[in-house]
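If you want the building blocks of each chain, they are given just below.
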Amino acid sequence: MPPSLSDFAFEARIAAQSLADSLGGLARPTVRLGVTGLSRSGKTVFITALVHALLRGARLPVFRAHAQGRIRKVTLEHQPDDAVPRFAYEDHLAALSGPDRRWPESTSRIAELRLVVEYESATSWLSGPRTLTVDIVDYPGEWLLDLSLLSKSYAEWSRETIAACREGARAPVSAAFLEAAGGLDPFRPADEGAARRISDLFKEALAAARVEPLSFSALPPGRFLMPGDLAGSPALTFAPLDLPADGAPPSGSLAATMERRYEAYRSHVVRPFFRDHFARLDRQIVLVDAMAALNAGPSAVSDLERALDDVLLSFRTGRNTLLSALLSPRIDRVLFAATKADHLHHSSHDRLEAVLALLVDRARRRAEGLGARVDVAALASIRATREAQVRQGREELSAIVGKPLAGEVIGGESFDGETEAAVFPGELPQDPAAALASAGQADYGLRFVRFRPPAATTGPDGRAAALPHIRLDRALEFLLGDRLT
Ligand SMILES: Nc1nc2c(ncn2[C@@H]2O[C@H](COP(=O)(O)OP(=O)(O)O)[C@@H](O)[C@H]2O)c(=O)[nH]1
Ligand SMILES: [Mg+2]
C-alpha cells in the first residue's frame, strides 16, 4: 500500500516525540526498556525480580557495573507518563515474598516503572557519580504482533486469517467460527447482533488456539486476546470474512461495517500504541515460553518462529519509517529470552538457548543488518527449584526439586502445595534442530510442573532478601551494561 497523508502525519508525530525524548535524554541520560512477551511468558515476574535484584544488591556476577561495586544506589522514582498505570512492584513482591509465596496476579495492560541508578564511571573516576534513569515499560506481546496489521488492508487480513483458521491444528478449534462465517453473505446488510456473534466466535477460536494443547503465538488482533481497557468497544467487534475475490463491499453491508471497524482498530488502537509507547523504546527484551511451544508440537513451534519474526519486523518498522530515519535509530538492542529455565536441569540451559537462537536466526540476521544487536538467553527470573541426583535402580538421574503448586499432578499423584517433589524434566537434545524436529512427540519426554516460588528469606534488616535466579545478570549486562560504563 502506498503511504497516505495520514501515514506521514503519523510519522511526523513519532519524529516529534522522538526528538522531545532525546532532548530530555540530553539533560538526563535515560534508557526506555521495553519488556514484552505473550501472556504468561513471565513479564511481571521478570520485572519484579530485576528491580528487586537491583534494589537489594543480589548476586549478579555477570552484570559488571554491579560486580565491580560501581553501583552506588538504586531508587524508584515517579514515572514520566501520568496516563500509564504504574507497575505494581510492591504488590508483586509482597505476593512473592509473603508467607504464602504466590506468583503475582496476572495483568493484561501496559505498565511503567522508573528506576534511577547512581553509579561510578568505570573510566573516569574524577567526574564523580553519574545517574542513569531506566524507564521499564511492560506491555503485552500480543499488542506488538498487531503492528503487522498496519501494512494490511481488511481484505488482505481477512484472506490470510481465514486461510490460517482452516489450516492444520487450528481447523478444529476454528470450526464453529468458520461455519458461521460460511453462512453469512458479506455483501448483504447485517445487524449488530450478527456482527457481535461472528466476532465472538472468532475471538473464541483465537483464544482456543492460544492455550494448551495448541499453544499458538501469532494470533492478531492482539486486543482480542488482551483487550486492556477496550473490551466490548466497536473497534474490538469485528472478524475476518470469507470475501468474494473481487468487488468492493457495498455500503451498509456486513463487510463494509467490518472493514470500518478494522480501520478503527488500526487507527485508534494500533497506531497510538505504536506512537506513544513502542516507538519510544531504546532497548527491548522479548520473553518467550519456548518450552510451552516445544511441548505443544511442530505447528506451535513454527507459529512461534513466525511470531518472533513478526516481532523483529516491527522493530524495523519502528526504525526505518521515513521521518524517524532522519533521527537516530531507537531500538539498538533486542534480547530474546527463554524464561522459566529453572524447569530444566542446568545441563539443558545452553541447549534451550541454542533452540531459541535457531528460532530467531532468520529474523536476527535481518535485524543485525539494520544495526541492532540481537542476543538470546535462557533464564529464570526467579528460580523455584534446586537440583539433585536421584538414584533409580542402577541409574543416576538428574532431577529438579521444588514444591509443585497445589493441584499439580505428577504421575497420578496430586500435590497440595506443601510437599516437595523431585521431577525428571527430561533433556533437550544436544542438536537444537533435532529439538525442534522432535517437538511435541510423546517419547520426547519434557515434562513440566508449575512450582511455588522459592521460600522467602529475610535479610538482617527484616526485608525480603535477594531472590535466587538463573542468568538474570546476563540479561542485565546485555540490556544496560554499556550504559553504565
Ligand atoms: N519457575 C518459574 N516460573 C515462572 C518464572 N517466571 C514466570 N513463571 C511462571 O509463569 C507465570 C506467569 O508469569 P507472569 O510474570 O505473570 O507472566 P506475564 O503474563 O508475562 O506477566 C507465573 O505465574 C509463574 O507460574 C520463573 O522465573 N520461574
Ligand atoms: Mg504481567
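Structural notes, computed from the coordinates.

Calculation criteria
Residues numbered from 1 in each chain as written. Chains lettered and ligands numbered in written order. Predicted model: local features only at pLDDT ≥ 70, side-chain atom pairs only at ≥ 80, totals over all residues. Heavy atoms only, no water. Near = heavy atom within 4 Å. Polar contact = N/O pair within 3.5 Å; in protein donor to acceptor, adjacent residues only side chain to side chain. Areas by Shrake-Rupley, 256 points an atom, 1.4 Å probe, with all protein chains shown as cover. Nonpolar A, V, L, I, M, F, W, Y, C, P; charged D, E, K, R; others polar. Donors = N, O, S within 2.8 Å, 3.2 Å for Na, K, Ca; no water. Helix = DSSP H or I, 4+ residues; strand = E, 2+ residues; numbered from the N terminus. Buried < 20%, exposed > 50% of the residue type's maximum accessible area, 1.4 Å probe, protein only. Phe/Tyr/Trp six-rings, centres within 6.5 Å; stacked < 30°, edge-to-face > 60°. Lys NZ or Arg CZ within 6 Å of the ring centre and 35° of its normal.

Close to ligand 1 lie 17 residues, the nearest being Arg-40, Lys-43, Thr-44, Val-45 and Asp-342. Within the side chain of Lys-340, a nitrogen or oxygen atom sits 3.1 Å from an oxygen atom of ligand 1. Notes on ligand 1: free accessible area 580 Å², of which the protein chains cover 97%. Among the residues forming the shell around ligand 1, the class breakdown is six nonpolar, six polar and five charged.

Our focus in this paragraph is the coordination of the magnesium ion (ligand 2). Coordination sphere of the magnesium ion (ligand 2), protein contribution only: Thr-44 (OG1) and Thr-107 (OG1), at 2.1 to 2.6 Å. Linking Thr-44 in helix H2 (residues 43–56) with Thr-107 in the loop between helix H4 (89–97) and strand E3 (111–119), this pair joins segments that are 63 residues apart in sequence. Classification of Thr-44 as buried rests on a relative accessible area of 12%. Judged by its relative accessible area of 43%, Thr-107 falls in the partly exposed class.

This part is about the packing of aromatic side chains. Taken as a whole and judged by the stated rule, the model has 14 aromatic pairs. Their ring planes at 75° and their centres at 6.1 Å tell us that Phe-224 and Tyr-265 sit as a pair that is edge-to-face. One end of the pair, Phe-224, is in helix H9 (residues 222–225); the other, Tyr-265, is in helix H10 (residues 254–276), with 41 residues separating them in the sequence. In this structure, Phe-224 and Tyr-265 share a single accessibility class: buried. Site record: aromatic cluster; members linked through ring pairs are Tyr-154, Trp-157, Phe-177, Phe-202, Phe-224, Phe-238, Tyr-262 and Tyr-265. Positioned above the aromatic ring of Phe-224, the side-chain terminus of Lys-203 is 4.8 Å from the ring centre.

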